[in-house]
Every structure is written in C-alpha cells, then in structure tokens.
Amino acid sequence: MPDTFTDEQRQFLQLLGMPVPGDPPPEMVQAKPMVEAPTILPNRPVSAQAQPASASRPSARRDVGSATAALLPTEVAPTPPVRSPPPPLKAEALQAPVLATQTSTPSADPQRITRIATLDWRDLNNMVSTCQACPLGETRKHAVFGAGNPRGSWLFVGEAPGAEEDRRGEAFVGRAGQLLDNMLRAMGFSREQDVYIANILKCRPPNNRDPLGPEVQACMPYLQRQIALLQPRVIVALGRFAAQGLLQVDTPLSQLRGTTQHYQGTPLIVTYHPAYLLRNPIDKRKVWEDLKRALAVLRQ
Ligand code: SF4
C-alpha cells in the first residue's frame, strides 16, 4: 500500500471499513461520497414490460452528500420517455457462457431459451421463483431474483446467493451485501434509488461452492433477459464468475480489471466480489479504482 493517501482515497478506505495507516480506527459509514458525483443520473427509462410492482420511483430525494444531492433531480420525472427495447436475443446468443461443458441438457432447450427472452419482468420473476432447470432448484430455500431499483442506471452482477440470501430470498443481504451497500454509499448511490443487483445464478450452490458450468448455462438466460429489460447504462461485474459469464470469456479477473469491457454494447466494468473483499480487505483500494472507472464511463 502507498505510504500516503489522498483525502479521497482515505475516505473511500474508511467507508469500506479498511484502516488507513496513521489514522484512528475508521467509522464504517456516515461520510460523504468518495468522489465527485457523476453528472445527472436520471432514472433511465425502461420498457413498459420492465416495470415490476416494486419498480416505482422513490418519491423523495435520498439523504446523500450535498454534492450528489445537488445533482439529483428535485422531482421524479412523471413520464419518462420509453426507450425502444432491444430485439429479443437469439437463442444462440443466450447459450451458456463460461464453463459450459454441456449443450444437450433440458435447460439448453432452444424453445425454453426463446421463451425466456420474451417474458416481461413479472413473468420472468415468476418463472425464476419456481425454476427447476438445474439441480440447485432442489437444494435452495428461495430463488433470488434480484434487488434494487429496476429503473436505476447501474446494474451490479454478482455470482450467486449466499446462505442469508437463500434464507430470505433477497439479494446481497449478508455481510457481502453490507459491504456492497458501503461501496454504493461511497459512490453517492443507494440500491433503492440508483442500482439494480442481480446474480449469475438465482439459486444458492450448496456450501457456497463455485457455480458449475451446466448451472450457469441453465440460469444465464434469466440474467440476459433481465439485462434486456433493465437496459442499464453501465454494468459492474462483481467477481470472476460474473465477469466471465457475461463476457463469455475465460480471461482471468486480473486481466479484465482496469479495462472497459462491453456486454452487447453496454459498458461493463469488472471488479472484485464483496465476499472476496471480506477475505482480502487489502484489495478494497483496487475496487476504488474500478468504481472510479465506472463513474467515468457513465459520465461519458
Ligand atoms: S439456479 Fe437458475 S436455472 Fe438453476 S434452478 Fe435456480 S433459477 Fe433455475
């Protein structure tokens, strides 16, 4: 680590609970956003299909740093323009990404994939909640569709639900979720207002083991349909499985970090998964660089 830190670096590390040499023990949160807030981030429109019951926009401005608050619209636009939805993805494009070793499983049925690519948000959620397309459907307690604001400009993609998420049926609610919330807060964002969070897998692998190729293959069409409906402005892939799954590459995380990738034209930034950061807090400062890149991409 460097011997000296800028105020910006110091604040971000403190927000993430990482001690800064020479500083008193950090307070976890309650600080201003780490960086200058991006240009106005209007809740970008979604197609009429992509409006779950929970997708209504917040009616009040959230309590953020003054710099960020000053850039938020004072009122929510009553009727945002509707962006034309992209054409349904072809079945071939929805095939398994990373680690897929089988192509003849029922979950790879082109008809199933094509059907998923036509579902609206509610039906997609319903299908996930009862899905048995891979063995994880039998071991999960709850399928976890996602969390946050479907109208947010940001999409964070993780790996799979953990124990707490599986128990509650909510995304990123354990310790890793708390760290992710701190990361968002450091950026001046909140999951309720600005971001949607989803996973590559909707069901928890037993004992939090790594996802298997056929599981990713079976579940990926759900995420791909979510992205098609959400139309995020920027995607942040949290960890190797999210990055490789979305980009359909085997490139190591270390080589994907620090670059701006694209998922079907949408900028995609790769960074560490919060669960990894809990085990390797020294790398939190690298996340800071990744998130700054994402903010810069969004400004562009
Ligand atoms: S992990 Fe995905 S494909 Fe497997 S049962 Fe759950 S929702 Fe279905």
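None of the values given here were measured: they were computed from a predicted structure. (Residues numbered from 1 in each chain as written. Predicted model: local features only at pLDDT ≥ 70, side-chain atom pairs only at ≥ 80, totals over all residues.)

## So, the site of the ligand
Spelled out, the test is: Being near a molecule or strand means, for a residue, that its backbone-placed C-beta atom lies within 6 Å of it. Put simply, DSSP marks the helices as runs of H or I at least four residues long and the strands as runs of E at least two long, and each gets a number from the N terminus on. Think of it as three bins: nonpolar holds Ala, Val, Leu, Ile, Met, Phe, Trp, Tyr, Cys and Pro, charged holds Asp, Glu, Lys and Arg, and polar takes everything else, Gly as well.
Among the 14 residues in the neighbourhood of the ligand, the closest are listed as C131, C134, G137, C203 and C219. Where the shell around the ligand is concerned, the elements lending two or more residues are helix 5 (136–139) and helix 8 (213–230). Per-element accounting of the shell around the ligand gives the leading share, 3 residues, to helix 8. When its residues are assigned to classes, the shell around the ligand shows 10 nonpolar, 2 polar and 2 charged.

## A look at the sheet that holds strand 1 (residues 147–148)
Let me state the cut-off plainly: Note: two strands are recorded as paired if DSSP finds a minimum of 2 bridges between them. We call two residues in contact when their backbone-placed C-beta atoms lie within 7 Å. Working convention: axes come from line fits to C-alpha atoms, limited for helices to the stretch in contact. Angles between N-to-C directions cover 0 to 180 degrees.
Strand order in this open sheet of 6 strands is 1-3-2-4-6-5, and the pairing throughout is mixed. Whereas interior strands pair on both sides, the edge strands pair on one side only; in this sheet they are strand 1 and strand 5 (260–263). The sheet strands contacting helix 12 (residues 284–299) are strand 4 (234–238), strand 5 and strand 6 (266–271), and the helix crosses strand 6 at an angle near 170°.

## Concerning the environment of L229
Let me state the cut-off plainly: Burial in this document is a count-based property: other C-beta atoms within 10 Å of a residue's C-beta are tallied, and the residue is buried at 20 or more, exposed at 12 or fewer, or partly exposed in between, with C-beta positions derived from the backbone.
Within the fold, L229 resides in helix 8. In this structure L229 comes out as buried when scored by C-beta crowding, with 20 C-beta atoms within 10 Å.

## Some words on helix 7 (residues 175–186)
Because an α-helix completes one turn every 3.6 residues, residues spaced three or four positions apart along the sequence face the same direction. To keep it simple, the criterion reads: An expected span of 1.5 Å times one less than the residue number is assigned to each helix.
If you check helix 7, its first and last C-alpha atoms are 17 Å apart, about what 12 residues at 1.5 Å a residue would give, namely 16 Å. Buried within helix 7 we find A176, G177, L179, L180, N182, M183, L184, R185 and A186. Looking at the residues trailing helix 7, positive phi occurs at G188, about 85°.

## Quick look at helix 9 (residues 240–247)
Counted residue by residue, helix 9 has 7 buried out of 8 residues, so it is predominantly covered. Those residues of helix 9 that fall on the buried side of the exposure criterion are R240, F241, A242, A243, Q244, G245 and L246. Contact partners of the buried residues in helix 9: strand 2 (154–158), helix 8, strand 4, helix 10 (253–256), strand 5 and strand 6. A positive phi of about 55° marks Q248, the residue just after helix 9.

## Examining the nonpolar core
Stated precisely, the cut-off is as follows: Put simply, a nonpolar core is a cluster of buried Ala, Val, Leu, Ile, Met, Phe, Trp, Tyr and Cys residues tied together by C-beta atoms within 7 Å.
Counting 65 residues, the largest nonpolar core has L155, F156, V157, I200, C219, V236 and A237 as the members making the most contacts within it. Here the element with the most residues in this core is helix 8; it accounts for 10 residues. Setting aside anything within four residues of it in sequence, one finds I200 in contact with V157, E159, A160, P211, V216, C219, M220, L223, F241, A242 and G245.

## As for the pairing of strand 3 (residues 195–199)
A large share of strand 3 lies buried, amounting to 5 of its 5 residues. Burial of the side chains of strand 3 extends over both faces: V195, I197 and N199 are buried on one face and Y196 and A198 on the other. Bridge count for strand 1 against strand 3 is 2 bridges, and the pairing is antiparallel. Across the sheet, residue A147 finds its bridge partner in strand 3, namely I197.

## Observations concerning the pairing of strand 4
With 5 of its 5 residues buried, strand 4 lies for the most part within the structure. Burial of strand 4 is two-sided: the residues V234, V236 and L238 facing one way and the residues I235 and A237 facing the other way are all buried. Two elements, strand 4 and strand 6, share 4 bridges in a ladder whose sense is parallel. Each residue of the ladder has a partner; that of A237, found in strand 6, is V270.

## Observations regarding the confidence of the model for the protein
Rules: Known as pLDDT, the predictor's confidence for each residue is given on a scale from 0 to 100.
Chain-level pLDDT for the protein is 76 on average; 64% of the residues reach the 70-or-more range. Scored below 50 in pLDDT, residues 25–104 makes 142 contacts in the model with residues more than four places away or belonging to other chains.

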